[in-house]
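If you want the building blocks of each chain, they are given just below.
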Amino acid sequence: MHADTLAMLRERLAVLKPESLHIEDESHRHAGHAGARDGGHFRVDIVASVFSGKNTLARHRLVYDAAGDLMQGRIHALAINARAPETP
């Protein structure tokens, strides 16, 4: 299930036109956690020009909006590192 979710998340985030995108499935680190039964834990590192001039909250909203309904079942937790290209 998590491999499918990973592929779906990558596909959804493509709308942000990332220059760089790395998604890690961290579900194994949360074995036994109640939420781990219902959805996976993922870490996203994304660099995209759409984030330029936006604060952290606005960047995260863009990622959550792109992930859409995956956040309502397939993904239990999402750690996000979203940067603009000019941000170190």
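Here the structure is shown first, and the text comes after it.
Cut-offs used in this document
Residues numbered from 1 in each chain as written. Predicted model: local features only at pLDDT ≥ 70, side-chain atom pairs only at ≥ 80, totals over all residues. Heavy atoms only, no water. Helix = DSSP H or I, 4+ residues; strand = E, 2+ residues; numbered from the N terminus. Buried < 20%, exposed > 50% of the residue type's maximum accessible area, 1.4 Å probe, protein only. Contact = heavy atoms within 4.5 Å. Salt bridge = Lys/Arg side-chain N within 4 Å of Asp/Glu carboxyl O.

### Some remarks on the environment of Ala77
Then comes step 1: Within the secondary structure, Ala77 is located in strand β3 (residues 75-83).
Then comes step 2: Its relative accessible area of 26% is what places Ala77 among the partly exposed residues.
Then comes step 3: Note: C-alpha distance between Ala77 and Gly39 (38 residues apart in sequence) is 7.7 Å.
Then comes step 4: Ala77 has contacts with Gly40, His41 and Phe42, leaving out every residue within four places of it along the chain.

### Remarks on the pattern of salt bridges
Then comes step 1: Evaluated as defined, the whole model comprises two salt bridges.
Then comes step 2: Of the charged contacts, one joins Asp69 and Arg12 as a salt bridge, the two residues approaching to 2.7 Å between their closest N and O atoms. One end of the pair, Asp69, is in the loop between α2 (56-67) and β3; the other, Arg12, is in helix α1 (residues 2-13), with 57 residues separating them in the sequence.
Then comes step 3: Arg43 serves as the salt-bridge partner of Glu26, at 2.8 Å between the closest nitrogen and oxygen. With Glu26 in the loop between β1 (20-25) and β2 (40-47) and Arg43 in strand β2, the pair connects residues that are 17 residues apart, well separated along the chain.

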